[in-house]
Amino acid sequence: QALLSRLHREGMLVESQYRFSTANETAKRTLRRIDSILPTQNTLIYGETGTGKELVARRIHANAQAFDSKRPFKVLDCSSLSPTLFEGEVFGHKKGSFTGAVADRAGALQLVNGGDLFLDEIHNIPLHLQQKLLRVLNDGVFSPVGSNEEIRSKFRIIAATNIPIEEAIASGKLLPDFVERIRKIRVDLIPLRSRPEDISLLIKSHLASIGSFDK
């Protein structure tokens with residue numbers, strides 16, 4: 001935490017494309033919380049669609065890069081992958097392990113070793129794969145689909161959902177143990193309608209970014 005404070009003072013954290021403009025006190029507290037997250041802390045982000053969950057995830061990763069500039073980062077949209085494709089994307093697979101597996105492929109867990117894996121809309125991950133991910137988080141070891149080979153990987157999960165977390169657990173979309181493991185830090189994003197004072201800031205920021213705003 002002391003090192004984070006020093007990096008903040010020296011302006012070494014947060015690349016410019018991941019900056020946020022806000023005059024809302026709740027949002028400011030959230031930003032301070034985001035920038036206090038350590039590189040080893042799994043993080044769960046809740047926010048409605050359009051509140052900037054991936055932008056927050058990239059900001060968290062960019063902050064961690066102040067400690068290691070080569071730290072890898074990978075994004076997976078869990079809503080766009082079938083269970084078979086998701087398992088192959090995350091754990092990797094051996095040639096012939098399922099229809100369409102025409103060659104060996106390294107999965108996200110192997111590629112992101114030493115870095116961050118952002119899982120967007122995690123409530124779409126099938127429960128048996130949540131359990132499998134939980135085992136990897138606990139043991140640091142996994143096997144590609146169709147293989148008995150054990151691969152070690154040390155990584156951080158940054159996850160996001162647009163369903164309130166307690167609701168997702170109650171409805172059976174998320175395993176309580178999985179949620180408990182990945183929300184060492186929890187970030188709740190508020191929608192723009194709850195911070196109307198930011199509308200003018202956002203307009204000015206956008207116009208300035210395209211070079212058409214004259215103070």
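Everything below is about the structure printed above this text.
The notes below deal with the structure included here. (Residues numbered from 1 in each chain as written. Predicted model: local features only at pLDDT ≥ 70, side-chain atom pairs only at ≥ 80, totals over all residues. Heavy atoms only, no water.)

1. A closer look at the side chain of threonine 30
Which entries qualify depends on this criterion: Starting at the N terminus, helices and strands are each numbered in turn, a helix being any DSSP run of H or I of at least four residues and a strand any DSSP run of E of at least two. Type-normalised accessible area, obtained with a 1.4 Å probe on protein chains alone, sets the label of each residue: buried when under 20%, exposed when over 50%, and partly exposed for intermediate values. Residues are treated as being in contact if the distance between any of their heavy atoms lies within 4.5 Å.
When you line up the elements, threonine 30 lands in helix 2 (residues 25–34). Overall, the relative accessible area of 15% leaves threonine 30 in the buried class. Those residues in contact with threonine 30, other than ones at most four positions away along the chain, are Val187, Asp188 and Leu189.

2. Considerations on the pairing of strand 1 (residues 43–46)
The test is simple: Here a strand pair is declared whenever DSSP counts at least two bridges between the two strands.
By the alternation rule, side chains of strand 1 split into Thr43 and Ile45 and Leu44 and Tyr46, which are all buried. Alignment of strand 1 against strand 6 (residues 156–161), held across four bridges, turns out to be parallel. Opposite threonine 43, over in strand 6, you have isoleucine 158 as the bridge partner. Taken together, the four bridges between strand 1 and strand 7 (residues 185–188) define a ladder with parallel strand orientation. When the sheet's bridge partners are listed, leucine 44 is paired in strand 7 with arginine 186.

3. Overview of helix 3 (residues 53–64)
As a reminder, the rule being used: Here the expected length of a helix is defined as 1.5 Å per residue gap, with one fewer gap than residues.
Helix length check: helix 3, at twelve residues, gives a terminal C-alpha distance of 17 Å against a target of 16 Å (1.5 Å per residue), a fit within 8%. With respect to burial, helix 3 is a largely interior element, nine of its twelve residues being buried. Three or more residues of helix 3 are buried, namely Lys53, Val56, Ala57, Arg59, Ile60, His61, Ala62, Asn63 and Ala64. Along its buried surface, helix 3 packs onto helix 2, strand 1, strand 2 (73–77), strand 3 (116–120) and strand 6.

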